[in-house]
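So you can see what is in the structure, the chains are spelled out below.
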Amino acid sequence: MSIAFLKEERKDLIINQLNLHTRINLTDLAVTLNVSEDTVRRDINDLADEGKLIKIRGGAMSKAYHHSSQLQETYAHQSKRIIGEKALTLLRDGMLILMGGGTTIREFIKMIPADLKATFITVNPLTAVELLDKPNLEIIMIGGQISRYSQMSVGGEVYQRLSELRVDLCIMGTNAIDAKEGLTDSDWETVQAKKTMIRAAEKIVILAISEKMNSVMRMKVADLGQIDYLITELPADSPQLSPYRSGKTEVL
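All figures in this text were calculated on a predicted structure; none of them were measured in a lab.

Visitor: Give me the lowdown on the packing of helix α2 (residues 26-33) against helix α3 (residues 37-49), citing residues and values where you can.
Guide: Running from N to C, α2 and α3 point in directions that differ by 105°, and their axes come no closer than 9 Å. It follows from the interaxial angle that α2 and α3 lie roughly perpendicular. In contact with L26, T27, L29, A30 and L33 of α2, α3 contributes E37, V40, R41 and I44.

Okay, structure coming up:
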C-alpha cells in the first residue's frame, strides 16, 4: 500500500536523502514520496528559500557539496574523517592517482600529508581546488562541459582523455552501493564518466559512509567485483561488511 506523506514529512525526507546521496532528482523523489514531480518541485523550492538545499536542473544538491560550504555543514563529518584516515594508507610517493569528487573526497584531501609527492588527475573542479592546498602535488584537471548534477567534466572528449590513462589508483565516492547490485547512480553522464574512470585504473578505491550500503539507484556504474578497496567508517571486521567481502574486494 502506498504511503502518503505530509508536506513537512516530505521535506524532512528530501533533506535526509540529500544528506545521504548528496544529489537527488525529481523523478526519483516523486516515486519515493508517491507524489507528482510538480509537488516535489514545490517542496524543493520551499527548502531552497529556507536555505536548506541548492536547486539544480532536475533536482537538488546538498549545501555541503557546494564550493562555498564549510566543513561543519558536511553530513556525517566524523565518519568521513575516519574514511579519509584509512584511505591515506594507500598513498605512496610517485603515484599517479585519478580522483573523483564529493564531500568524503573533500575530507580525504584535507588529510593528505603536505610532503606527499604524487600526481593527481581529476575531472572535478572542486577537487582540483582542494588539491591546490598541497604544495608537493602535481595536479591535472581534465576539463570539458560541467555537469550540474555531479559537478564533473563530462562528454565525449573527457571520456576519450580518460581512456588514454593508466593510473595506479582511482579514488571516488559513490551515491549508492549494494553487495549484489554494486555501484549505482541516477545520472547518465555521471555514470559514463565513472565507468571510464574505473577502466583507467589499476586499482579502484571506493569511499562510502555505511549509510549508503544496501542502497540501489537506477543506473549501474560497476559490479562490486570490479572494486579493489571499499573503505567505510566501520571496523573492517564489522558484520555489516560481511556481504561486501567477495572476490578481490578488500574492505578497510
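Visitor: Give a description of the UniProt feature "domain: HTH deoR-type" (unreviewed entry) in the chain that names residues and reports values.
Guide: As annotated by UniProt and renumbered to match this structure, "domain: HTH deoR-type" (unreviewed entry) occupies residues 7-62. Secondary structure across residues 7-62 comprises 64% helix and 16% strand; the distance between its end C-alpha atoms is 19 Å.

Visitor: Describe unusual backbone geometry, listing the residues and the values that go with them.
Guide: The phi dihedral of N34 is positive, around 60°, even though this residue is not glycine. The residue N34 is located in the loop between α2 and α3 in this model. In this structure, N214 is a non-glycine residue whose phi angle is positive, near 65°. Structurally, the position occupied by N214 is in the loop between β12 (201-207) and β13 (219-222).

Visitor: Which residues make up the domain arrangement of the chain, and what are the values?
Guide: Here the chain is partitioned into domain 1 (7-65) and domain 2 (77-251). Computed from C-alpha coordinates alone, the two centres of domain 1 and domain 2 are separated by 25 Å. Every contact between the two is made by 11 residues of domain 1 and, on the other side, 19 residues of domain 2. Carbon and sulfur atoms supply 48% of the area buried between domain 1 and domain 2, which totals about 1400 Å² over both sides. In this structure, the connection of domain 1 to domain 2 is made through 1 salt bridge. With its nearest N and O atoms 3.0 Å apart, the salt bridge here joins D28 to R218. Linking domain 1 with domain 2 are 1 residue pair in polar contact (both at pLDDT 80 or more), by the criterion used here. Taken together, the elements giving at least two residues each to the side of domain 1 that touches domain 2 come down to α1 (7-21), β1 (23-25) and α2.

Visitor: With reference to specific residues and values, describe the sheet that holds strand β11 (residues 182-185).
Guide: The strand order across the open sheet built from 3 strands is β10-β11-β13, with neighbouring strands paired in antiparallel fashion. The open sheet has two edge strands, β10 (176-178) and β13, and neither has a second partner. Here the average twist between neighbouring strands, direction ignored, is 40°. Bridge count for β10 against β11 is 3 bridges, and the pairing is antiparallel. Across the sheet, residue D178 finds its bridge partner in β11, namely G182.

Cut-offs applied
- Residues numbered from 1 in each chain as written.
- Predicted model: local features only at pLDDT ≥ 70, side-chain atom pairs only at ≥ 80, totals over all residues.
- Heavy atoms only, no water.
- Axes fitted to C-alpha atoms, helices over the stretch in contact; angles between N-to-C directions.
- Helix = DSSP H or I, 4+ residues; strand = E, 2+ residues; numbered from the N terminus.
- Parallel < 35°, antiparallel > 145°, perpendicular 65-115°, else oblique.
- Contact = heavy atoms within 4.5 Å.
- UniProt positions renumbered as here; feature names shortened; annotations may be inferred.
- Domains from an automatic or database assignment.
- Buried area = accessible area lost by both parts, 1.4 Å probe.
- Salt bridge = Lys/Arg side-chain N within 4 Å of Asp/Glu carboxyl O.
- Polar contact = N/O pair within 3.5 Å; in protein donor to acceptor, adjacent residues only side chain to side chain.
- Pairing = 2+ DSSP bridges.

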